[in-house]
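Each chain, written out:
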Amino acid sequence: MSQLTTFGIPSNAVITVAGTVGVGKSTLTSALANELGFKTSFEKVDGNPYLDQFYKDFERWSFHLQVYFLAERFKEQKRIFEYGGGFVQDRSIYEDTGIFAKMHYDKGTMTPTDYDTYKNLFDAMVMTPYFPHPDLLIYLEGSFEDILDRIQARGRKMEQETPVEYWKEMYDRYEHWIDNFNTCPVMRVNINDYDLLNHEQSIDPLLERIGKSIQTSRKLIRS
Ligand SMILES: Nc1ncnc2c1ncn2[C@@H]1O[C@H](COP(=O)(O)OP(=O)(O)O)[C@@H](O)[C@H]1O
Ligand SMILES: Nc1ncnc2c1ncn2[C@H]1C[C@H](O)[C@@H](COP(=O)(O)O)O1
């Protein structure tokens, strides 16, 4: 039996923060890990060899980028497993296929053959009994306007220059995706329910909710 943190969260827990681009995943990931003394797993944006080119030409680079992200996330998954948990992870591997790859395929910016190849790879690597799923997926949600403001404020040029329709399509897809997601336990959190910029402790109620949720789901698994 692993030790419990102050908030009743097992010290070997794995928590994933999901949600659309700009909603606040990285910021919350750092804050939760800091409070819990957990390690972090961030997705690779700086130093990503495809991301800039991808935003300039989706058709040319969408397959390359998906394979790159899949490999990176899989390596991170291995690292988390080797440490025996105690991690907060910025974005889940499930969003790569459920949101990004599917969206580009549906919109015609990934060919059916590339999508099939990617899906086969994803299913063989991830959707197996051997792949450890997180204890909890925190789904961050907010209004589309607030999220757009955050994308602009963060100031990544490639995202600022991307048409607003792209972000709206993604936003709508996320709503549908989370309503149907059942691979691991989910906790929905509205971005207006905490204020990390002015009040660090505002995530304490969230940490309590996380503790209760993980304890409940672990009890269910044991019984
Ligand atoms: N709780 C918050 N309150 C206000 N601004 C926030 C909050 N969380 C994140 N932000 C801001 O929103 C932008 C996007 O946040 P980030 O964590 O990078 O999002 P994501 O990882 O989901 O893309 C950043 O400029 C960040 O400073
Ligand atoms: N799987 C992905 N396909 C395309 N683009 C992706 C994928 N995962 C992340 N991205 C992009 C979206 C953002 O521009 C950056 C970082 O995402 P963020 O939500 O800001 O952490 O990478």
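This is a predicted model, so every value here is computed, not measured.

Each value, and the rule that gives it
Residues numbered from 1 in each chain as written. Chains lettered and ligands numbered in written order. Predicted model: local features only at pLDDT ≥ 70, side-chain atom pairs only at ≥ 80, totals over all residues. Heavy atoms only, no water. Pairing = 2+ DSSP bridges. Helix = DSSP H or I, 4+ residues; strand = E, 2+ residues; numbered from the N terminus. Axes fitted to C-alpha atoms, helices over the stretch in contact; angles between N-to-C directions. Contact = heavy atoms within 4.5 Å. UniProt positions renumbered as here; feature names shortened; annotations may be inferred. 1 Å grid on protein atoms, 1.4 Å probe; cavity = no way out; pocket = protein on both sides within 12 Å on 5 of 7 lines; lining within 4 Å. Buried < 20%, exposed > 50% of the residue type's maximum accessible area, 1.4 Å probe, protein only.

Colleague: How should the sheet that holds strand β2 (residues 39–41) be read in this particular structure?
Modeller: Pairing is parallel in the open sheet, where 5 strands are placed in the order β2-β3-β1-β4-β5. One side of each edge strand has no neighbouring strand; the edge strands of this open sheet are β2 and β5 (186–190). In this sheet, adjacent strand axes meet at a mean angle of 20 degrees when their direction is disregarded. Strands β1 (14–18), β2 and β3 (87–90) of the sheet are contacted by helix α3 (residues 58–83), whose axis makes an angle of about 170 degrees with β3. Strand contacts of helix α9 (residues 204–222): β1, β4 (136–141) and β5, with the helix running at about 165 degrees to β5, the strand carrying the most contacts.

Colleague: Quick question: what am I supposed to make of the UniProt feature "binding site: substrate" (unreviewed entry) in the protein here?
Modeller: Mapped onto this numbering, the UniProt entry gives "binding site: substrate" (unreviewed entry) at Glu43, Tyr55, Gln66, Arg91, Asp96 and Glu159. Set against the largest pocket, the annotated residues named above that line it are Glu43, Tyr55, Gln66, Arg91, Asp96 and Glu159. Along the chain, glutamate 43 turns up in the loop between β2 and α2 (51–56). Look at glutamate 43 and you get buried, because its relative accessible area is 18%. Ignoring anything within four residues of it in the chain, the contact list for glutamate 43 reads Phe69, Arg73, Asp90 and Arg91. Within the secondary structure layout, aspartate 96 lies in helix α4 (residues 93–106). Once you skip the residues sitting within four places of it in the chain, aspartate 96 turns out to touch Gln66, Phe69, Arg73, Ala101 and Tyr118.

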